[in-house]
Amino acid sequence: MKSRISIPGAQEKPRRSIDPTFYLILPLLVLLIFFMVVPVFRIFALSFFDPDFTIKHYMKFFQAGIYLQILLRTLVISLMVSVCCLIAGYPVSYLMADVSPKTAKILIILVILPLWTGILVRTYAWMVLLGRQGLVNKLLIYLDLVAEPIKLLYTTKAVVLAMVQILLPLMILPLYATMKGIDRDLLKASKILGAGPLRTFWRIFLPLSTPGILAGFTLVFIISIAFFITPALVGGRKDIMIAMLIESQITTLLNWGFAAALSLILMTMTLIIIGLFHKFIGINRFVGSGDT
Amino acid sequence: MKKILSKRSRIVMTIIVAIGILAWHPILAGAEEGKTIVYNSSGGVVEQVAKKVFAEPFEQQTGIKVVFTAPVNFAKLKAMCESGNIEWDVTEIGPEDMIRGKERGYLEPIDYSIVDKSDFLPGLAHSHAVPAAFYSTVLAYNTKKFPAGKEPKSWADFWDVNKFPGPRSLPNFPYTMEIALMADGVSPDKVYPLDEERAWKSLDKIKPHVTAWWTMPAQPAQLLADGEVDMAAAFNGRITAIQKEGVPVALEWNQQVLLLAYNAVVKGAKNKDAAMKFLAFMVKPELQAEWVKMIPYPGPSKSMYELLSPELAKTLPTNPEFYKLGVVRDYQFWAENEERLMEKWNAWMLK
């Protein structure tokens, strides 16, 4: 039985006997099998049997153009959220890894603090900020930048903004962990060898931080794709995400077979995209810095 | 791995758990044929009030004890009926589930020789269920923006964006087709059978003026309270609640769309006769009046209004004066067409 757990970045030593750490992950493994693997198989069965074998749910998905359209929208919004999180989170993580440990601690607390508030609460906070009578509009009118309140809420931008704010900590934390582990002497060496700051960042720091980028991007993307409450509350009529569709199939239409098919299609798409992304970044890493 | 529990202690644990489950289980906790019925309700406040208003006096008068379970769950009803292990006698049930339940044979026909339907509002005596609670979708508006004398009085006014300018909110569900038809001049009693073509055309007209399409019942009231929209199709109970909080909103009963939940007897219920008696007991006007004083969703009784204060009566959708202005949603139609229309609705939303 292959049972070793691998910690990213740690050196792995081959060993014959079962690693005792296996027993540590055993409870988690049992939990995952019963509450993840088994249900996924049930969903798989649900989508293909009704009660005899059928592919009608999948036919429906691909024939009525609207479901593909919604899936595409979901992926685009999630991608936008992930990219925005990366752009916003990278400099913050860089700063956190660079400052004194005391300042870093304060920054970490500030980053984690919003995670202690529910998603619903944070979404409502955005509604308060972006609304017609909201703080942003009031400020704009007070500053005489606009005459009438502008429409901020119930737009795709509002969905992306709110989701980025909600998911940002999940990008920053893995990025920070990776950057903290980067050997700063390598940067000095690069400078001594004559590279400018930009070149040093591009050829040394960025490639070394890719495991963090990967982890953060994957986390944010996967969670975005299943977002439900935020787009429903701050989005416009076109911001239907696939989780909302699955919910209505389950609770109002009671069409569990189709909901199961939707879930599986979503899961497959997610795995493909994550796989592609890892492959792409993985190559980039070797081009950049040799062996990490 | 070392065993954490010895064999004996595992047996003891199993017995303790088993006893716990048995003691907790309502059927086994004190069942005696005909002396106890199980009423599956939505739980929470509804259960507390139903206990006090219906179950306690029922036990005093008939000696039949009512045991409550929750929540309302169609999948569980289905499982019970298919396995033949019927745990509930009476269950609260949503309208679409009621239609499905009737068609699949999960519900007993109501014995109207026991349940007195003469006091029901017209057209409500369903063959397999008794109305339990009404609410309605009404036109609600900001009274600062539209003060008395200048207020919208119909869905046609809601659609009239020149006379009544301002952002609006409508439900993000195909049910909105009912409202669209009335806005286009269809009278409430002619909404069903639903003229789909006409509804879509009418919806196209209002689409650019709707700021927010709501999906959760609490949303429209919040949108009105925040000044996010000036007009919305909203549930009456939520509007009455924010009115009490001092939010400047009012609602229009004209062309309201009435919705309701039912009580039904489960097919093969162990105590069918007692269950029918309980249904008959719950629709008594004096108890209905007590119920509605605590839960703003009235039952089917019309004579209970003689027992209510005018202040309370004017907040209720089944007030005979308002009831005749509205349309009761035809759930038979939706049970047959909802899936198709939902798909069309989503496509229309994305256009």
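As the structure is a prediction and not an experimental result, all values here were calculated from the model.

### Quick notes on the overall build of chain A
The number of helices and strands found in chain A is 13 helices and 0 strands. Moving toward the C terminus, one meets the helices and strands of chain A in the order α-α-α-α-α-α-α-α-α-α-α-α-α. Expressed as lengths along the three principal axes of its C-alpha atoms, the size of chain A is roughly 70 × 65 × 35 Å. Across the 292 residues that make up chain A, the buried fraction comes to 28%. Taking the intrachain contacts of chain A between residues at least 6 apart in sequence as the baseline, contacts between residues at least 24 apart amount to 73%.

### Describing the interface of chain A and chain B
Taken together, the 16 residues of chain A in the interface contact 17 residues of chain B. Taken together, the residues that form the side of chain A that touches chain B break down as 8 nonpolar, 5 polar and 3 charged.

### Observations regarding the domain arrangement of chain B
Note on interface size: it is often stated as the accessible area lost on association of the parts. Residue and element names in this part refer to chain B. We note that the domain assignment places domain 1 (33–133 + 260–320) and domain 2 (134–259 + 327–350) within chain B. Taking the mean C-alpha position of each, domain 1 and domain 2 sit 29 Å from one another. Between domain 1 and domain 2, the residue contacts involve 14 residues of the former and 14 residues of the latter. Elements represented by at least two residues in the side of domain 1 that touches domain 2 include exactly α4 (95–103) and β4 (130–142). Examining the composition of the side of domain 1 that touches domain 2, we find that 4 residues originate from one element, α4, more than from any other. Among the residues forming the side of domain 1 that touches domain 2, the class breakdown is 9 nonpolar, 3 polar and 2 charged.

### Here's the deal with helix α11 (residues 285–294) of chain B
Of the positions making up α11 of chain B, those classed as buried are Gln288, Ala289, Trp291 and Val292 of chain B. Along the axis of α11 of chain B, the buried positions cluster into a sector of 160 degrees, meaning they face one direction only.

### With respect to helix α4 (residues 101–112) of chain A
In this model, α4 of chain A (12 residues) spans 16 Å end to end at C-alpha, consistent with the 16 Å of a helix rising 1.5 Å per residue. Of all the 12 residues making up α4 of chain A, 1 are buried; the element is thus mostly uncovered.

### Topic: the nonpolar core
Grouped together as the largest cluster of nonpolar side chains are 146 residues, with contacts concentrated most on Leu167 of chain A together with Ala140 of chain B. Broken down by element, the residue count for this core peaks at 15 residues, all from helix α7 (residues 156–180) of chain A. Counting contributing residues per domain, this core is built from domain 1 (33–133 + 260–320) and domain 2 (134–259 + 327–350) of chain B, each supplying no fewer than three. Not counting residues within four places of it along the chain, the set of residues in contact with Leu167 of chain A comprises Val81, Cys85, Val220, Ile223 and Ser224 of chain A.

### Some remarks on the pairing of strand β1 (residues 36–40) of chain B
Residue and element names in this part refer to chain B. Counting buried residues along β1, 5 of its 5 residues qualify, which places the element largely inside the surrounding structure. Alternating positions in β1 separate into two faces, Thr36, Val38 and Asn40 on one and Ile37 and Tyr39 on the other, with burial throughout. Relative to strand β2 (residues 65–69), β1 runs parallel, the two sharing 5 bridges. Its bridge partner lying in β2, Asn40 is registered against Thr69. Between β1 and its parallel partner β2, the chain crosses via helix α2 (residues 44–62), and the hand of that crossover is right-handed.

Calculation notes
Residues numbered from 1 in each chain as written. Chains lettered and ligands numbered in written order. Predicted model: local features only at pLDDT ≥ 70, side-chain atom pairs only at ≥ 80, totals over all residues. Helix = DSSP H or I, 4+ residues; strand = E, 2+ residues; numbered from the N terminus. Buried ≥ 20, exposed ≤ 12 C-beta atoms within 10 Å, placed from the backbone. Contact = placed C-beta atoms within 7 Å. Nonpolar A, V, L, I, M, F, W, Y, C, P; charged D, E, K, R; others polar. Domains from an automatic or database assignment. Arc of directions from axis to C-beta. Expected span 1.5 Å × (residues − 1). Core = buried A, V, L, I, M, F, W, Y, C linked by C-beta atoms within 7 Å. Pairing = 2+ DSSP bridges. Right-handed = clockwise from strand over helix to strand, strands pointing away.

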